[in-house]
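Observations on the model geometry
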Amino acid sequence: MTSDKASQMPSKYNPQAVEEGRYKDWVDAGLFKPSSDGDVEAYSVVIPPPNVTGKLHLGHAWDTSLQDIIVRRKRMQGYDTLWLPGMDHAGIATQAKVEEKIRNEEGLSRYDLGRDAFIDRVWDWKEEYAKNIRDQWAKIGLSVDYSHERFTLDEGLNKAVNKVFVDLYNKGLIYRGEYIINWDPVAQTALSDIEVIHKEVQGAFYHMTYPLSDGSGQVEIATTRPETMLGDSGVAVHPDDERYQSYIGKTLTLPLLGREIPIVADRYVDMEFGTGVVKVTPAHDPNDFEIGNRHDLERINVMTADGTMNKNAGAYQGLDRFDARKQVVADLKDQGKLVKVEDYTHSVGHSERSDAVVEPRLSTQWFVKMDGLADRALANQKTDDKVNFVPGRFEKTFTDWMENVHDWVISRQLWWGHQIPAWYHKETGEVYVGEEAPEDSENWDQDPDVLDTWFSSALWPFSTMGWPEEDNPTFKRYFPTNTLVTGYDIIFFWVARMIFQSLEFTGRRPFEHVLIHGLIRAEDGQKMSKSLGNGIDPMDVIDQYGADSLRWFLTNGSTPGQDIRFSYEKMDAAWNFINKIWNASRYVILNLGDMAYQDIDLDGDQTVADQWILARLHETIAVVNDHADKFEFSLAGKALYRFIWDDYCDWYIEMTKEILDEGSPDQKDMAKSVLAYVLNAILRLLHPFMPFVTEEIYQHVPHQGNSIVTAPYPEADGQFSNPEAISNMSTLIDLIQSVRSIRAESNRPLSQGIDLLIKAKDDQVEDFLKANQSFILRFCNPDNLEISQDPQVPKEVKSAVASGVEIFIPLAGLVDFDQEIARLEKELAKWQGEIDRVEGKLANEKFVNNAPEKIVQEERDKGVQYQERYEAVKDQLSNMREMKEG
């Protein structure tokens, strides 16, 4: 340590100067790498891999900051930590971005380039954006281990993906079949159910008539998609519907096309809805598909992959589906078959990626059979190896979905992704599924489709650790992982799939805990989006406020599972808090001189302020660790904030100034030791939240080791427990604040003298106040001070009640009796309210019988204290009324 440490710290906190180059120093020193020390417990986290499609957003900053808090704290607690980074190839999203870029810059499509050349372009994109993401991770300060970085499309993960596909296929859990799937006509690929976003859309119900082929009548049908009538292969009524008993088995003539279609009886039909007659289009509706299967109806696909009508649509071939809708309705009207059109608001599926209206479409795809996998995942939640959801309510979200899950369509009509490990014989059509191509590969064509991005992401916790090589040292040491942090919006997409795939292939849960956070919203509560123009780039926020300020705001803004609103006002508050720490640290360092860590000595005589701050520090350490263990970082942050701002900066540092100015050498040494000891602990407590500024200050204070990154995280030490010091300081602080309040009310600044009379409730309080009257003189600045149990109080005074004391300030001629009586009446009502609250709580048998005895006793003690204050204020009010009258 050198005596000029404080002079090296600028007078004002400058986050850009503090953070510049620091991250590179940490990485170069290898501080984020796991120790692989088998003698200590391992702790591992895998990063939710961001898509290589662009910049990280505020949600990523929040998600990763929470992870960094967890990992940095565990590292400081001595765990062998691995935080594994990586990125997701994001099939649809990335391919769409690259296709758009090539189209805009070169006027070419992927088909012009060909599959191999196009994929090369996507790899170039990946390398560019992966570097951007790493730069952003560095700017946020994420302590990931880059030596373990993975990518969902790298060679190792491709090996894992192929093995999983082949094993599931051989177990009969993957199959290929024709089924109605969600189809994105813009991206021209299948979508799983959870890739479909349902939006309320203003549409219409089109009522039309289909004539019976024998000319004996007609039926009325209503639909929201009249263009699909071109693919109708039947009409259904309920078998018990008396209105249509004679119709069952007859045929209708399909308007516009003239095709005969049968009338079938099926219990799916709701007799109470509409006319009780439904058109059946097996190739364009999942429910109709099932009806068609039951009645052997033809599946007629009337659309191409891009949503235009095909040759089966007759005269409408070549029309866009929505243009075809208009033309079909017009033609029905011309033929007298359109009964009416009703406005109708309904939920319409849109592609999560392209925002196109999803088209239910008959298609041959690969599926994962979910029944057995879901059952195993649900059963595991009843064992000791269950995944613990935080908050716990999200377990129900998981189980509800798993209980109602559909088979998962996993094939995508894309080029960018894991190509499906299935081959078709060119002559026989035989299907071969294997991890490697068939030996006579020239006679086989590989399935051109790729796997859903979530198929590879579902393997992330174990495939990144080296699985399927189960002897891999990384897999053996760090799997299962400890904690996953993610948003509630991808519980279905990702969390559920990781759980059932991990159980199926490793026999273990993928992680012990999953911490669920919400979404970041704009200040007005709206969801941030490009379309609304209210998105905020976290890198811009860091440029303005620093990474530490952003991290502090994000990790202290919400309880687990809840959304948070971004606010520049709160960013200002975060910056101000760090600046407060900076200024306080600079003052402390200036006064420590050449003190080294080994010079810190807490043995010897301590003031009540020394005892109090040490006791409060260790109380705070206990609270912070308790909240952090439960992932309640907002509560941990609030406890730190109160201790640092109120206790350490506003009170203890101010109280040391008297000693550092006028105390004996021993008193000064003790004050310096306590200042250094507490500041060192504060920095270590704060480091997971704000790593940059704590490292910077740590290098200027007495410390052990080279970096705060590997310094020990504070643990509460019972030897510092001191209820008496805390009680005494509470009295002293309450007293000082009361005097300051009276001064403010009476327009008497601290520079203006007052007489101060203090009535102590007993000998102990009187002795304590007299022993520490130097603090009262410094902070209250009275001309005359009297402390006793029976002071001579003049009639005209301002008064207050504090812990164990009554305070009187004679202000002859300056008292507004009415104002003072009103203030005392208000204060009396306040204490009566507190008394009523405590009495109500203690009258509640459920509380008294079930709450810990310590909590119950605290309430009883509060009741006694509130009653004392009530009686004191009551006496003051009585005196004030007497003084006014006379």
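Residues numbered from 1 in each chain as written. Predicted model: local features only at pLDDT ≥ 70, side-chain atom pairs only at ≥ 80, totals over all residues. Heavy atoms only, no water.

A short note on unusual backbone geometry
Among all residues except glycine, the phi angle is most often negative; among peptide bonds, the trans geometry is most common. Condition: Put simply, DSSP marks the helices as runs of H or I at least four residues long and the strands as runs of E at least two long, and each gets a number from the N terminus on.
With an omega of -5 degrees, the peptide bond between V390 and P391 qualifies as cis. In this model, W467 is joined to P468 through a cis peptide bond whose omega is 20 degrees. In this fold, P468 is placed in the loop between α13 (460-463) and α14 (473-478). Its identity as a non-glycine residue notwithstanding, Q188 has a phi of 55 degrees, on the positive side. Mapped onto the elements, Q188 comes out in the loop between β5 (174-184) and β6 (189-191). Its identity is not glycine, yet N781 carries a phi of approximately 50 degrees, on the positive side.

With respect to the domain arrangement of the protein chain
Note on interface size: it is often stated as the accessible area lost on association of the parts. Stated precisely, the cut-off is as follows: Segmentation of the chain into domains, including their bounds, is taken from an automatic or database domain assignment.
You can read the domains of the protein chain as domain 1 (1-162 + 456-551), domain 2 (183-361), domain 3 (552-721), domain 4 (726-815) and domain 5 (818-885). Computed over C-alpha atoms only, the centres of domain 2 and domain 5 are separated by 72 Å.

Remarks on the sheet that holds strand β19 (residues 431-433)
Heads up, the condition is: Two strands make a pair as long as DSSP finds a minimum of two bridges between them. Axis angles are defined between N-to-C directions and span 0 to 180 degrees, where every axis is a line fitted to C-alpha atoms and, for a helix, only to the segment in contact.
Read across the sheet, three strands follow the order β19-β18-β20 without closing on themselves; strand pairing throughout is antiparallel. Edge positions in the sheet fall to β19 and β20 (444-446), since each of these pairs with one other strand and no more. Ignoring strand direction, the axes of neighbouring strands in this sheet form an average angle of 30 degrees. In this structure, strand β18 (residues 422-425) lies alongside β20, joined through three bridges in antiparallel fashion. Residue W423 lies in a different strand from β20, and its bridge partner there is Q446.

Topic: empty space enclosed by the protein
How we decide: Buried and open spaces are told apart on a 1 Å grid over the protein atoms alone, a cavity being a set of points where a 1.4 Å probe fits but cannot get out and a pocket being an open set with protein on both sides within 12 Å along at least five of seven lines. Residues with an atom within 4 Å of a point are the lining residues. Grid points are joined across faces, edges and corners, and a volume is the space filled by probe spheres set on the points. Three classes are used: nonpolar for Ala, Val, Leu, Ile, Met, Phe, Trp, Tyr, Cys and Pro, charged for Asp, Glu, Lys and Arg, and polar for all others, with Gly counted as polar.
A full pass over the atoms with the stated rule returns one cavity of 30 Å³ or more. Space inside the largest cavity adds up to approximately 90 Å³. W62, L66, L515, I516, H517, T555, S558, T559, P560, F631, F633 and S634 are the residues that line the largest cavity. Examining the composition of the lining of the largest cavity, we find that three residues originate from one element, strand β23 (residues 511-517), more than from any other. Split into classes, the residues belonging to the lining of the largest cavity amount to seven nonpolar, five polar and no charged. The residues that make up the lining of the largest cavity include at least three from each of domain 1 (1-162 + 456-551) and domain 3 (552-721).

Some details on the nonpolar core
We apply this condition: Nonpolar cores were defined as sets of buried Ala, Val, Leu, Ile, Met, Phe, Trp, Tyr and Cys residues, with membership established by side-chain atoms within 4.5 Å. Only protein chains enter the accessibility calculation, which uses a 1.4 Å probe; a residue is then buried when its area is under 20% of its type maximum, exposed when over 50%, and partly exposed in between. The criterion used for residue contact is that any of the two residues' heavy atoms lie within 4.5 Å.
Ranked by size, the top nonpolar core spans 144 residues in total, and within it Y648 and L769 carry the most contacts. Among the elements that line this core, the one with the most residues is helix α20 (residues 633-662), at 14 residues. Setting aside anything within four residues of it in sequence, one finds Y648 in contact with V588, I613, F643, I653, L675, V678, L679 and I682. Counting 59 residues, the second largest nonpolar core, distinct from the first, contains I410, A422, L451 and W454.

Details of helix α19 (residues 608-629)
The condition that has to hold: Multiply 1.5 Å by the residue count of a helix minus one, and that product is the helix's expected span.
With 22 residues, α19 ought to run about 32 Å at 1.5 Å a step, and its terminal C-alpha atoms sit 31 Å apart, in line with that. Judged by how many residues are buried, α19 sits mostly within the fold: 16 of 22 residues are covered. A positive phi of about 65 degrees marks F631, the residue just after α19.

Notes on the pairing of strand β26 (residues 755-760)
By the bridge criterion, five bridges tie β26 to strand β27 (residues 784-788) in an arrangement that is parallel. Bridge pairing in β27 links L757 to E786. When β26 meets strand β29 (residues 805-810), the two strands line up antiparallel, connected through four bridges. By the bridge assignment, L757 is partnered in β29 with F808.

Structural notes on the sheet that holds β29
As summarised here, the arrangement of the four strands in space is β27-β26-β29-β28, forming an open sheet in which the pairing is mixed. Unpaired on one side and paired on the other, β27 and β28 (797-802) mark the two borders of the sheet. Taking the axes of each pair of neighbouring strands and ignoring which way they run, one obtains an average angle of 15 degrees across the sheet. On the sheet, helix α23 (residues 723-745) packs against β26, β28 and β29 and is oriented at approximately 150 degrees with respect to β28. Across the sheet, helix α25 (residues 773-780) lies against β26 and β27, angled at about 140 degrees from β27, the strand it touches most.

So, the pattern of salt bridges
Under the convention used in this document: Whenever Lys or Arg places a side-chain nitrogen within 4 Å of a carboxyl oxygen from Asp or Glu, that contact is recorded as a salt bridge.
Within the structure shown, the criterion is met by 56 salt bridges. Its salt-bridge partner being K250, residue D214 comes within 3.5 Å of it at the nearest N-O pair. One end of the pair, D214, is in the loop between β7 (196-211) and β8 (218-223); the other, K250, is in the loop between β9 (234-237) and β10 (251-253), and 36 residues separate them in sequence. Salt bridges sharing common partners tie together E834, R837, K841, E859 and K862.

Some thoughts on the environment of W366
With respect to the helices and strands, the residue W366 is situated in strand β14 (residues 359-368). Along the backbone, W366 and I564 are 198 residues apart, and their C-alpha atoms lie at a distance of 39 Å.

Side note on helix α7 (residues 155-170)
What counts here: A 3.5 Å cut-off defines polar contacts: any pair of N or O atoms within that distance qualifies, except that in protein one atom must be a possible hydrogen donor and the other a possible acceptor, and neighbouring residues in sequence count only when both atoms are side-chain atoms.
Taking 1.5 Å as the rise per residue, α7 with 16 residues should run 22 Å; its terminal C-alpha atoms sit 23 Å apart, in good agreement. Inspection of α7 places L157, A160, V161, N162, V164, F165, V166, D167 and L168 among the buried residues, and these make up the whole buried set. One side-chain oxygen at the N-terminal end of α7 lies 3.2 Å from the backbone nitrogen of G156; it belongs to D154. Following α7 by one or two positions, G172 adopts a phi angle in the positive range, close to 80 degrees.

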